[in-house]
Structure formats: structure tokens, C-alpha cells
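# Secondary and tertiary structure notes
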Amino acid sequence: MTASAYRDHLGRPIVAVTGMGIITSLGQGLKDNWAALSSGTSGIHEINRFPTEGLSTRIAGTVDFIGIPAPNAVERSYAFARETTIEALADAGLSGDFNGPLFLAAPPIEPEWSARFELADRSPASDHPGDAYERFLTALRQRPDPAFHEAALFGAISERLADRFGTRGLPVTLSTACASGVTAIQLGIEAIRQGRTTRALTVATDGSLSAEALIRFSLLSALSTQNDPPTKASKPFSKDRDGFVIAEGAATLVLESLESAVARGAKVLGIMKGAGDKADSFHRTRSSPDGGPAIATIRAALADAGIDESGIGYINAHGTSTPENDKMEYGAMSAVFGERLVGIPVSSNKSMIGHTLTAAGAVEAVFSLQTMLTGTLPPTINYTNPDPSIVLDVVPNKKRDAQVSAVLSNSFGFGGQNASLVMALEPA
């Protein structure tokens, strides 16, 4: 191949995906996840990690089949990330030190309630009357608690991954709400395009589901309260949708310059053609109802990929199942694709796996690539009561055979964090 064959329309190195790994409530590993997802299986179930009596939402997509040494969000998130990275590196045919940068999307870190209560029991009010923070510090000085300390460090997950897999340079940890997984991928893409590395490890993980997280989202009226049966609760783009189903998971993608991948004889699973992101200052949690930032995000991703609207054959929607967000995303897609939108299949993985929060963008990127590799469009399940104001081909309830060569994947998050990816099977 000529040198120009490894460059995109702007003269930048083409970025290939050479390895993928995934964990969701559907199971561990790409094979099992894809078999379940493409068959329309739901991973949503009743929560058994903590008591839910009296809560309006009692269901989730928790991942409870990975062993962890301590029951906290850091240990869960690290374990998920470790396992998906092992799978992705094996898929890429890489062993030994990775020798490239690590970009990690991870959830905000807070100690679990049980850990806080235990610490409070060790902190008599008489030590520092009226000052709980000083009491906690005194208790930890008197009896150091390494597990609690680790659970309170935002960078702990990336540092452990860097040590385990031999990444190069300072690992980057980011948290841009529901767009985090795409943001991590975007940083890896840019590092390769700028010539700073020939490979990057991009990981997104979220094991933060706790009673406090459930209550916080419930107070925002963001969660579905349709608890029975759990598998029917997430229904994106349906008239009777009432909120998202919170979930956990992780995904790892090995990114390489196409030239480097070809040189070492790696299999190329797909191409990261374009990425776009825009900030939305409308509200701390709500997206702008006019969809302006989301529209700009999609257009930025298409422009970065060097294609127009006609080049997209399938859209992996953000599709949260919240009344407001689904309506906004539909409006944004309509503004970009116009009348052509009704002919583009648009499905939501979240109807089956729930919303994996920080991990969602990377999880759905893996599924988007798998859609192209297998020629199978995953369904949007629970679509029995269409919203007449949202006219989409959501691939209702059953998978569909269709070969597409380019996919758009959207991630529109809290706080106005919007990001989209354009992926393709082959370079232009």
C-alpha cells in the first residue's frame, strides 16, 4: 500500500480498531454479549446488591458475576476494566507491555454508604464536636484503612490498569457524564492522528451502582419506575417510556494507526473515521430542548469523518428511554438527516443492557462495530407502543440482517456533554 493509503481526507493517520472487550449485564465477553443482544435478550433484573424496599425503582443492569476484593465502586469498576482489557489485548494479538497511552473513562468516586457509616462509628463526636470531617480524619490517622483510601481516589483505577498492562506515560482519567466512553476514544484517536503514538488503549468502565446513585437519579425523576417485569422497563422511543434503567459495564478498544496495524499483520475490525463533541451550557442535567448542541455534535463528527449524511447506513442511538432525551435526540437526528432519517435503521442497545453511564459510549461503540462486522442490526426491544411524534425505524423487537459500511453512534450526557462517533468497516 502507498503511504497515502494510510492517511485520511485531512492527511491524518487513519485510526483502526484492532481489539475489543466488553462486559455488560448480559455477560462477559463479546461473543456472549453479542449473542444475547442480537437475539433481543434483556439483562435488566431486580437489584439484590442492597435493600430496595420503599424505593420507587428496584431494578437495574448490575454486573454481579465478577469477583472483587471489596464491595465498592472502585473495585467493581477496576475489575470490569481489567477483564475487558485482557479480552481486547488478546483480540488484538498483543502481549507484554502495551507501550502506548491509556485513556480511561471512569465514574465519579465516592465511598459507599456502608463505608461512611463504619467510619462514623469509629469517630466519636467528642473528638471534634460539630466537625465530622476532622473526626473522620482523626479516625483514619488512628487506624489506617487502605481499602477505604483506595475507594476514595479518582485516579486509582487508571493507575492500576497502567501498572497491570504496561501503558506508557501518565494515564488519563476522565468523566464527562454519559459521553465519557466516547470522550476516551476521541482522546485516543487524536493521540494517534497527532503522531504522538501509534497505538492507544481506550477503556470505559462503570461499577458505581449503589443505593445512593439510585436515589439521586430517582430524585431527578430520571429512572423508570416500571419494575415489573424488569425486562420490559427500558423502552426507548416508545410512547409509554418513563425513564432510563441504570446499569453497569465496561468496554475496551485497542486503537492503532492503520499503517502500524497492517505492518504487524493485525486484523482490522473497523475504522474510527470521525469524532465530534460540543458542550451545552443549558442546564446541569437537562439537554437543550432545541437539540442545538446535539445537532452540532453530529455534524462535527460527520465533518471530521469527511462524509455527508448519505454515508451513514445505521445509527446506534443514545436512546435512553427518558421522555425528554429521546425527543431531543430525534429532533437532532431529524435536523441533520432530514427526510432520509425514516429510511435509516436507528436502534438503542439500552433497551436491553440499560444505561451503563460512564461506560455507555464505549460499550455502544463495540456494538456498533460488531453490527458492521456481522451484518446484523440489533433490535430495540419493548417497542410495542410507538410514540407518534417520533417517526423512526427502530429495528423493532427483532434483529435484522443488513450490511452497512458506516455507523453513527451518539452519546448525549448530563451537563451538556455531547459526543458522537462515526465508524466504518474500511477506509475510504
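Rules and cut-offs
Residues numbered from 1 in each chain as written. Predicted model: local features only at pLDDT ≥ 70, side-chain atom pairs only at ≥ 80, totals over all residues. Heavy atoms only, no water. UniProt positions renumbered as here; feature names shortened; annotations may be inferred. Phe/Tyr/Trp six-rings, centres within 6.5 Å; stacked < 30°, edge-to-face > 60°. Helix = DSSP H or I, 4+ residues; strand = E, 2+ residues; numbered from the N terminus. Buried < 20%, exposed > 50% of the residue type's maximum accessible area, 1.4 Å probe, protein only. Lys NZ or Arg CZ within 6 Å of the ring centre and 35° of its normal. Pairing = 2+ DSSP bridges. Core = buried A, V, L, I, M, F, W, Y, C linked by side-chain atoms within 4.5 Å. Contact = heavy atoms within 4.5 Å.

As recorded in an unreviewed UniProt entry, the protein chain goes by the name Beta-ketoacyl-ACP synthase, listed as coming from Rhizobium chutanense. Taken from UniProt, the Sequence similarities (unreviewed entry) comment for the protein chain reads in full: "Belongs to the thiolase-like superfamily. Beta-ketoacyl-ACP synthases family." The UniProt entry for the protein chain carries the following text under Pathway (unreviewed entry): "Lipid metabolism; fatty acid biosynthesis."

Attention now goes to the packing of aromatic side chains. In the structure shown here, the tally under the stated rule is 2 aromatic pairs. Ring geometry for Trp34 versus Phe367: centroids 6.2 Å apart, planes at 35°, classification tilted. With Trp34 in helix H1 (residues 30–38) and Phe367 in helix H13 (residues 360–374), the pair connects residues that are 333 residues apart, well separated along the chain. A relative accessible area of 8% means that Trp34 is categorised as buried. Between Arg160 and the ring centre of Tyr78, over which it is positioned, the NZ or CZ distance is 4.1 Å. The aromatic ring of Phe98 is capped on one face by Arg199, whose charged end is 5.5 Å from the ring centroid.

All right, on to the pairing of strand S7 (residues 199–206) then. Judged by how many residues are buried, S7 sits mostly within the fold: 8 of 8 residues are covered. Alignment of strand S5 (residues 102–105) against S7, held across 4 bridges, turns out to be parallel. Looking at the pairing, Leu102 lines up with Leu201 of S7. Alignment of S7 against strand S8 (residues 249–257), held across 8 bridges, turns out to be antiparallel. By the bridge assignment for S8, Thr205 is matched with Ala250.

In this section: the nonpolar core. Ile185, Leu253, Leu255, Met272 and Leu421 are the most contacted members of the largest nonpolar core, which totals 46 residues. Among the elements that take part in this core, H13 stands out by supplying 7 residues, more than any other. When near neighbours in sequence (up to four residues on either side) are disregarded, Leu253 contacts Val17, Gly19, Ile185, Ala200, Leu201, Thr202, Met272, Ala362, Ala365, Val366 and Leu369. Leu302, Ala317, Val336 and Tyr383 belong to the second-largest nonpolar core, a separate cluster that totals 27 residues.

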